[in-house]
Amino acid sequence: MRTATVTNWARTHRCKPRRLHFPHGEEELCDILKQCVASEDTVRFIGGRNSPNDMAMSDSVLIDMNAMQQPPVLCPDNIVRVSGGTTLETLSRFLKQHGKSLATLGAISRQTVAGAIATATHGTGLLVGNLSSYVAGARIANGLGELVTISAHSHADRLPAIACHLGQLGGLIEVSMRVVEDFDLEVSEALLDVESALARMDDDLQSDHLRLHYLPGADKIFQWRATRIAPAAPGTAFSPARNHRALSFFAKRCYEAMLYGSMFVPSVIPRANRWFAKRSYPLRRRTNGPNHDLFTMDCLFSQHTTEWAVPLPHARKVIEEVIALCRRMPCAAHVPIEIRFAAGDEVWMSPCQGAPRCYIGAVSYRPFGKDLEHRRYFEHLEALMLAACARPHWAKTFTVTPDRLRTIYPYWDRFEHVRTQMDPHGLFDNAYSRRVLGTNSSTTSEHSHERKHSYA
């Protein structure tokens, strides 16, 4: 047990837990959870600490399950069993050695498996779902300190809840995920006018993977299209460019310095965006290589971020409205506005539940750890998104209340029912869960507001 100040990667949130545990096995983990129930403490689990918001933060008890990692196991029928604390990068390297791959990856791979499915982390392409949609089962320590196995054959009714669990159902010891045959990517990149990029978007969505970056200041759209191809033989020399955001130290520091200067002269931002876009986004380029290398990208430096999953039929209209907002607020928008796509699924709390969605995300960088004014910009973005019935990315910035979220998630009450079964004492509550989901309905008013020692 240790105590320390814990921050997320972006250093936008921090907490100072009274106890920080590093269990080495299932029995030790269950004992810790039972002790916390008895002492009326609350618990959150931390992994890669990549969540931009305060989902994993608590001043009560934190548990890091990294020491419980076991080697992944590849099973028949393209299923891999992997420890919840294993990173996506480690899992991807393991799978490649065995001729397999995750179906998709997001912008980063340093997330843990448990953390990635907690918020339905996604990549891009209408032929693939988010990572939660590939969950086939899990072994979890619940809010009573009991081990529960969830699969198609055991507690199957809870599988759509555990696949995107929001950190509310327990500590994920092991996750079973569906995987696919390994593949490389052949990538085509182009810098396009806004009108032509949007006019051809429906056709381009027939590609295996499509990602668009609107570039404020430059007023262009960078198009990234990828086709799956057979993996190259070991030792093959790939195209020299890893990806369009594998930037030099010089380019990143210069952009960061210009953004820092905008604290004193806000009008610097459009010029900084243009300068950065010119040096970071090629007019046209083709490259190929392992999917893990080309799906991921350099996220630069500390940032606030918001992202929304828009119903696909509304995608173009909302993209145009976001671009218009960036043009009206040129000193608030940073490069890029990221536009991605994902197939629909049947995971209860997945933003893509029920139908395919278009994800639209925006960032506000924190040059050298300093916040720039972004609240009004994010508020305008949120208003646009809610008007289009968009769902927020659970790990990013949003202010939607539980009452509003309940109206856009048809299986909200089913998730809450599983939440009360798995965590009858509200052990896994924190400030985030109370703000976003409301108090665990299984706890009494007295318990939910007066839990001993809980400052989460």
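The residue numbers shown here count from 1 along each chain, following its written sequence. Note on the predicted model: pLDDT of at least 70 is required for a residue's local features to be given, and 80 or more for side-chain atom pairs to be given and counted; whole-chain, interface and lining totals, by contrast, use all residues. No hydrogens and no water enter the side-chain calculation; it runs on all heavy atoms of the structure.

*Asks:* Provide a residue-level description of the overall build of the chain, including the pertinent values.
*Replies:* Check the secondary structure of the chain and you find 15 helices and 20 strands. Computed over its C-alpha atoms, the radius of gyration of the chain comes to 22 Å, within 12% of the 23 Å expected for a compact globule of 456 residues. Projected onto the principal axes, the alpha-carbon positions of the chain cover approximately 60 × 50 × 40 Å. The rule is simple: take the accessible area with a 1.4 Å probe, protein chains only, and divide by the maximum for that residue type; under 20% is buried, over 50% is exposed, in between is partly exposed. Here the chain holds 456 residues, and 59% of them are scored as buried. Areas reported here follow the Shrake-Rupley algorithm with a probe of radius 1.4 Å; residue values treat only the protein chains shown as occluding. Accessible surface for the chain amounts to roughly 18300 Å². Of this, 52% is attributable to carbon and sulfur atoms. Of the charged side chains in the chain, 53 are positive and 46 negative; the average position of the first set lies 6 Å away from that of the second. Strands are runs of DSSP state E lasting at least 2 residues, helices are runs of H or I lasting at least 4, and numbering of each runs from the N terminus. Atoms considered for the radius of gyration are the C-alpha atoms alone. The globule rule reads 2.2 Å times the number of residues to the power 0.38. Counted as positive: Lys and Arg. Counted as negative: Asp and Glu. His and the chain ends are not counted at all. Charge positions come from single atoms, namely NZ of Lys, CZ of Arg, CG of Asp or CD of Glu.

*Asks:* Can you break down the nonpolar core residue by residue, with the values?
*Replies:* Counting 109 residues, the largest nonpolar core has M201, Y255, M349, I360, Y377, W394 and L405 as the members making the most contacts within it. Of all the elements, helix α10 (residues 315–328) adds the most residues to this core, at 7 residues. Every residue pair with non-hydrogen atoms within 4.5 Å of one another is taken to be in contact. With residues near it in sequence (within four places) discarded, Y255 still touches A272, N273, W275, F276, L300, F301, H334, V335 and Y365. Residues grouped as a nonpolar core are buried Ala, Val, Leu, Ile, Met, Phe, Trp, Tyr and Cys residues, joined through side-chain atoms within 4.5 Å. Judged by nonpolar contacts, the second largest core, of 15 residues, contains I32, C36, I173 and F428.

*Asks:* So, the confidence of the model for the chain: which residues are in play, and what are the values?
*Replies:* Residue-level pLDDT values for the chain average 92, and 93% of them are 70 or greater. Along the chain, pLDDT gives the predictor's confidence residue by residue, from 0 to 100. Counting interchain partners and residues more than four positions distant, the pLDDT-below-50 stretch residues 240–245 has 27 contacts. In the model, residues 444–456 has pLDDT below 50 throughout and makes 28 contacts with residues more than four positions away in sequence or in other chains.

*Asks:* Could you give an account of the state of the cysteines, with specific residues and numbers?
*Replies:* By definition, disulfides here are pairs of cysteine sulfur atoms that lie within 2.5 Å. Enumeration according to the criterion identifies 0 disulfides in this entry. C352 provides the cysteine sulfur closest to C164, a residue in no disulfide bond, and the two sulfurs are 10 Å apart. No disulfide involves C352; its nearest neighbouring cysteine sulfur is the one of C358, lying 9.9 Å away.

*Asks:* Report on the sheet that holds strand β13 (residues 184–193), specifying residues and quantitative values.
*Replies:* Here, strands pair whenever DSSP counts at least two bridges between them. In spatial order, the strands read β16-β13-β15-β14-β18-β19-β17-β20; together these 8 strands make up an open sheet with antiparallel pairing. Looking at the sheet topology across the chains shown, the edges are occupied by β16 (284–290) and β20 (391–392). Inspection of the sheet shows strand β14 (residues 209–215) paired to strand β18 (residues 337–342) by 3 bridges, in the antiparallel sense. Note that in β18 the partner of H213 across the bridge is E338. Fitted lines through C-alpha atoms give the axes, limited to the stretch in contact for helices. The angle between two N-to-C directions lies from 0 to 180 degrees. Where helix α11 (residues 375–387) meets the sheet, it contacts β17 (303–311), β18 and β19 (357–365), and its direction lies at approximately 10° from that of β17.

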